[in-house]
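Tertiary structure, described
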Amino acid sequence: MDERVKNILASFRGHRSEIIPILQAVQHEFGYLPEQEMKEIAKFLRVPESQVYGVATFYAQFYFTPRGKHEIKVCLGTACHVRGANKILDALERELGICCGETTSDALFSLEKVACVGSCALAPVVMIDDNVYGRLETKKVKEVLGKYA
Amino acid sequence: MTQVNLTIDQLDVMAEEGTTILQAALANNIYIPHLCSHPELRPAGICRLCLVEVEGQLLVSCSTAVAEGMVVQTATLEVEKIRRLAVELMVAEHERTCLSCGKNNDCKLQEICRFVGVDEKRLASLQPAERKLVDSSHPFITKDESKCVLCGICVRTCREIQGAEAIDFISRGYATKIGTFGARPLQESNCEACGECVIRCPVGALLPRGFARPSREVETICPFCGTGCGLFLGVRGDRIVSVRGNPGHTTNRGRLCVKGRFGWTFVHSQERLKTPLIKRKGRLEEASWEEALELVTAKLGRYRGEEVGVFASAKTTNEEIYLTSKFARVVLKTNNIANVAHLCHANTVRGLLPVTGSAGMTVPVWQIKEAACLFVTGCNPTEAHPIIGLEIRQAVRSGAKLIIANPREIPLCRLPHLRLPLRPGTDLALLLGIAKTILEEKLLDEAFIAERTLNFDTFKASLEKFSLAEAEAVSGVPAERIREAARLYATSKPALIFWSMGITQHSHGHKNVWALAHLAMMTGNYGKAGAGVAPLRGHNNVQGATDMGATPAWYPGYQLCPGYELYPRFGKFASSKEKFEAAWGCELPETPGLSTVKQFNPRARGWGGPEMWDLPQKIKAWYIIGTDLVNSVAGSHGVRQNLEAAEFVVVQDIFLTETAKLAHVVLPAASFAEKDGTFTATDRRVQRIRRAVTPPGLAWPDWRIICELAGRMGYGDKFAYQDPAQIMEEIASVVPLYGGISYGRLEKEELRWPCYGQEHGGTPVLHVDRFLRVEKGEFWPLEYELSPELPDEEYPLVMTTGRLLPHFHYNMTAKVEGIEALGGKDFVEINEEDAAALQLKSGDMVRLVSRRGSLLSRAKVSKAILPGVVFKPIHKGAVNLLTSADFIDPMGTTPNTKVCPVRLEKA
Ligand code: SF4
Ligand code: SF4
Ligand code: SF4
Ligand code: FES
Ligand code: FES
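Residues numbered from 1 in each chain as written. Chains lettered and ligands numbered in written order. Predicted model: local features only at pLDDT ≥ 70, side-chain atom pairs only at ≥ 80, totals over all residues.

**Structural notes on the overall build of chain A**
The helix and strand inventory of chain A stands at seven helices and four strands. Along the longest, intermediate and shortest principal axes, the C-alpha atoms of chain A span 50 × 30 × 25 Å. The buried share of chain A, taken over its 149 residues, is 30%. (Helix = DSSP H or I, 4+ residues; strand = E, 2+ residues; numbered from the N terminus. Buried ≥ 20, exposed ≤ 12 C-beta atoms within 10 Å, placed from the backbone.)

**Describing the interface of chain A and chain B**
Listed per partner, the contact involves nine residues of chain A and 12 residues of chain B. By residue number, the principal contributor to the side of chain A that touches chain B is helix α4 (residues 49-58) of chain A, which donates seven residues. Class assignment of the residues belonging to the side of chain A that touches chain B gives a composition of three nonpolar, four polar and two charged. (Contact = placed C-beta atoms within 7 Å. Nonpolar A, V, L, I, M, F, W, Y, C, P; charged D, E, K, R; others polar.)

**Focus on helix α8 (residues 289-300) of chain B**
Residues and elements named next belong to chain B. In this model α8 runs 16 Å from its N-terminal to its C-terminal C-alpha over 12 residues, within 8% of the 16 Å that 1.5 Å per residue would give. Burial in α8 covers these residues: Ala-292, Val-296 and Leu-300. Buried residues of α8, viewed axially, fall in a sector of 30 degrees; they line one side. Residues of α8 that are exposed and point over 90 degrees away from its buried face: Glu-290 and Ala-298. Looking at the buried positions of α8, the neighbouring elements they touch are β14 (277-280), β26 (621-625), β27 (648-653), β28 (665-668) and α25 (702-715). (Expected span 1.5 Å × (residues − 1). Arc of directions from axis to C-beta.)

**A few points about the site of ligand 2**
All names here are of chain B. The full set close to ligand 2 counts 14 residues, and Cys-158, Ala-164, Cys-191, Cys-194 and Cys-197 are the nearest of them. When contributions to the shell around ligand 2 are tallied by element, the ones reaching two or more residues are α5 (153-162) and α6 (196-200). Split into classes, the residues belonging to the shell around ligand 2 amount to nine nonpolar, three polar and two charged. (Near = placed C-beta within 6 Å.)

**Here we look at the environment of Ala-193 of chain B**
Looking at the secondary structure, you find Ala-193 of chain B in the loop between β9 (177-180) and α6. For the pair formed by Ala-193 of chain B and Arg-261 of chain B, sequence separation is 68 residues and the distance between their alpha carbons is 9.1 Å.

**A few points about the sheet that holds strand β1 (residues 3-8) of chain B**
Residues and elements named next belong to chain B. Here five strands make up an open sheet; going across it, the order is β2-β1-β5-β3-β4 and the pairing mixed. The sheet terminates laterally at β2 (11-16) and β4 (57-60), the two strands that pair on one side only. Direction aside, the axes of adjacent strands within the sheet are offset by 40 degrees on average. Helix-sheet contacts for helix α2 (residues 77-92) involve β3 (51-54) and β4, and the interaxial angle to β3 is about 160 degrees. (Pairing = 2+ DSSP bridges. Axes fitted to C-alpha atoms, helices over the stretch in contact; angles between N-to-C directions.)

**Comments concerning the sheet that holds strand β3 (residues 126-128) of chain A**
Residues and elements named next belong to chain A. Taking strand neighbours across the sheet as the criterion, the four strands line up as β2-β1-β3-β4 in an open arrangement whose pairing is mixed. Two strands close off the open sheet at either side, each with one partner strand: β2 (109-114) and β4 (131-133). The sheet shows a mean angle of 20 degrees between the axes of neighbouring strands, direction not considered. The pairing of β3 with β4 spans three bridges and is antiparallel. From the neighbouring strand, Ile-128 faces β4, where its bridge partner is Asn-131.

**Here we look at the site of ligand 3**
Residue and element names in this part refer to chain B. Near ligand 3, the surroundings consist of 14 residues, among which Cys-222, Cys-225, Cys-229, Cys-257 and Gly-260 are the closest. Of all the secondary-structure elements, those providing two or more residues to the shell around ligand 3 are α7 (258-262) and α12 (386-397). By residue class, the composition of the shell around ligand 3 is eight nonpolar, five polar and one charged. Counting the residues that make up the shell around ligand 3, at least three belong to each of domain 3 (216-268) and domain 5 (347-536). (Domains from an automatic or database assignment.)

**Points about the nonpolar core**
Soluble globular proteins: nonpolar side chains tend toward being buried together. Residues and elements named next belong to chain B. Counting residues in hydrophobic clusters, the biggest one holds 237 residues, and the most contacted among them are Leu-374 and Leu-516. Counting residues per element, this core draws most heavily on helix α19 (residues 509-522), which supplies nine residues. Excluding residues within four positions of it along the chain, Leu-516 makes contact with Leu-431, Ile-497, Trp-499, Ile-503 and Val-533. Within the second largest apolar cluster, 25 residues are counted, among which are Val-828, Ile-865, Val-869 and Val-870. (Core = buried A, V, L, I, M, F, W, Y, C linked by C-beta atoms within 7 Å.)

**Concerning the packing of helix α9 (residues 318-331) of chain B against helix α26 (residues 724-734) of chain B**
Helix packing for two helices is described by the angle between their axes and how far apart those axes are. All names here are of chain B. Where α9 contacts α26, the two axes come as close as 9 Å, and the packing angle between them is 65 degrees. Here α9 runs over α26; the crossing is left-handed. Only Pro-724, Ile-727, Met-728 and Ile-731 of α26 make contact with α9, whose side of the interface consists of Asn-318, Glu-319, Tyr-322 and Leu-323. Of the residues contributing to the contact of α9 with α26, the split by class is six nonpolar, one polar and one charged. (Left-handed = near helix turned anticlockwise from the far one by under 90°.)

**A short note on the pairing of β4 of chain B**
Residues and elements named next belong to chain B. When β3 meets β4, the two strands line up antiparallel, connected through four bridges. Along β4, the bridge assignment pairs Glu-53 with Leu-58. The antiparallel pairing of β3 with β4 creates a hairpin that spans two residues between the two strands, and Glu-55 there sits at a positive phi of about 45 degrees.

**Some points on unusual backbone geometry**
Among all residues except glycine, the phi angle is most often negative; among peptide bonds, the trans geometry is most common. The residue after Ala-123 of chain A, namely Pro-124 of chain A, is reached through a cis peptide bond having omega -10 degrees. Among the structural elements, Pro-124 of chain A can be located in the loop between β2 and β3. In the segment running from Trp-753 of chain B into Pro-754 of chain B, the intervening peptide bond is cis, with an omega of -5 degrees. Within the secondary structure layout, Pro-754 of chain B lies in the loop between β31 (751-752) and β32 (777-778). Look at Glu-55 of chain B: it is not a glycine, yet its phi comes out positive at around 45 degrees. Along the polypeptide, Glu-55 of chain B turns up in the loop between β3 and β4.

**Some details on the domain arrangement of chain A**
When its domains are assigned, chain A resolves into domain 1 (3-58) and domain 2 (70-146). Spacing between the C-alpha centres of domain 1 of chain A and domain 2 of chain A amounts to 30 Å.

Right, dumping it as structure tokens:
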């Protein structure tokens, strides 16, 4: 077992109710939830692996692939949706060569979708790390990404 | 049970306390729509279609218990409104292609829509569901997410019934779906492919692949393992199209494992033998029955006594095995009659005769859940006896203690348990350590020992010098853990011990078995429900093969042959030769016969006195029924050489096995689905199998072939049977254990031997007031011994072998499309430390080399196996090229298969 997980688990009692805090701690350490580590958690808590995965996928806060250096969040809230957020998402996916929820192989970008980020007036909106890019058009996608290369 | 009075829709009804409103309504023919509730599963309250109104309150009827005076209304305006909305929402998200759906007319959602009356027009206005791809990557199960109503029945089935816990709800909101860990395909998860979720899915989201609806069903027994599950073969025309577990069968209660449910297609395989074959100029060519039988009569008929060897098949029926045994002795005048039990439980069977008088599993499979402690050693029930594996899981979930002794982490290790990770071949030291602790800590059942057993003091004295430190040093299991196991076993009663090849396949295997039986006797664990021993039989009818005397040691019914009066206490049973000469109406051979390994390696050491060790090969001809000896016997190279050198070999089988390829004549036999007869399960239950379809081509049932040959060899009068029922009548007349068994009774009764006569109801629990045959159980002195071949510098690892879930041996399941995809691939499992030292990673090609041969496989690096040990599945890759047939057990003649020193090389 990875020493890091061992240390994390050592601070818990092994009760089922600890599942969320453990998942959080592991994600904090690894940046995401690696499968091997989730299996260790299942063993530790004596719950089925499928259930650990079920719980983890229920919460938006958990990631299952390593995070990129920069996190791209595409808003798919109502306003953005109406203004073509899906097209922006498509363009990003094409440009980065990954699907939503994944990370580029150079570990530079992760791509996520989110619900309304509260900047509806600027719809469609994409956030990269803490920066908001509003009124985005598909042809500007490349340029925006360029700033982070 | 207290009854509760309530009214449902103005009807006064009575229901047992604790039942739900839904159950009470359905029992009184009041329908309440329900989707997520299933009679075999705990209520979940997910779909909310089963709403009812009780005193103005809306309640979920599937999870609300009835109460005295309750007034339930199932169809108020309010209920109907909410229900219709819920149904419409569900249907709106559901892919509506009913006409092409495999579930059409059998679908719960359709049933509910009809009842509720869904408005098609309104439906049309709702958004159609986004079509998700149908996942048909699994060989036996198709998954169509667009049809899933998220009732969770599959999740609960997998958890509550199967205990595999492979699937759960994953993700959330609109994206919620049913999936495995990591959202992988089922076949890459913990899924055991039992198909239980598929048969319970109320809609077409989970469907079995390639099934058609049968026009009739035939009740029969599974042909794979010894668990003996009941099933129905669904037939259409002359073809099997489906299989369904028999819900009324007490062993499996409707459940089946992957083999039982999906493995039947071998019956219709193109590769079935359809005509007799005769070898001409080195090639097997098609021939007529007349030609083939004439040739066999002329050639086989030349050999008598010690010149000929006969193999009965543990896959055939009792009737056929009985005839094989009779044919060998009456027609060929030989006691060289053997079967694969000599490679597996002969050490148990012959070993236990002088201890407890019988090696039968002491209790029915359905009593496993009554045990308070399950000691599972040298076996892997989840994969090799899957339904027994389920019973163990259920027992543990309801609180039974589990002890697992195994060098590998078997799937049962996912349950709470006490693990004894012993080195292969050191079972005896471990077991004696447990016995010693029971002695020292006075955890004995003194009364039982005094009243029901003999010679306890001799056994006790033999343990005097043995210490726990020694047990630890030899087995590698910490002494404290051994003590803990002893306490757990001795104080949780009733306790049941399970074992299989890990215990028996040693040249001192009978001692391992003795030790286990001694543990049960020391603690009084005999003769009670849920207590005793469960030596799990491998083949569907290997129990029957031993019962029917397919062994040199006894005639049918454990009635001893001359030369096998090994056990002084059986004085009065010394030899039943005269009895059988009278019954069969002819003289029988006097010379003791040879069992499986000895027939091919007469120089094998261990059994009999040293004068029996270095025998010359006297056998010139073999008649082999349904046994692939070339793959299954240890030291298989020698088997091949012997068969190649033989003057005449007849093989009778359903496929052209590696063994059949070496034959001079091959006779095509009928499979289990094409004939009538009986199989005896591992728990001694004698069960009917029934003909469902016609054998392919010219194939005949084995019993008919044997009778035909006997007739041509001049014994027609002794082999004149109309049908298998008549053979069973004869068996009942000569085998007291089967004395009361008849086809008539088997139609309506569940009978386990001993069943002494028409009035006798069979014996669910063995050894109740006295031990079968020996009256009193007998202790024997025991000292541990090491395996005859140990690892050294050249061969530093110990190879041990076993089964994988999807496969049953090889010849039948290899013909089943899809089994391969389910992890039937060959590998050799190696501990990560050893792998690191050899710079191996999973998937690397490796050469496995023993002192006897070598073979290629792929490495599977794992934590689940002890360092120094490698595990190789038996199904493929001719593992017995590596094992040795040089050392066999003095009582059971079983070879030392489970401890085979090897080295691993990168290939
Ligand atoms: S797959 Fe079938 S059983 Fe499972 S949740 Fe969906 S509809 Fe229910
Ligand atoms: S096939 Fe059996 S093990 Fe696999 S998911 Fe379904 S119920 Fe679970
Ligand atoms: S457990 Fe054995 S008898 Fe039962 S279905 Fe599976 S293979 Fe057949
Ligand atoms: S919907 Fe995108 S910011 Fe509100
Ligand atoms: S049947 Fe009661 S909530 Fe589904």
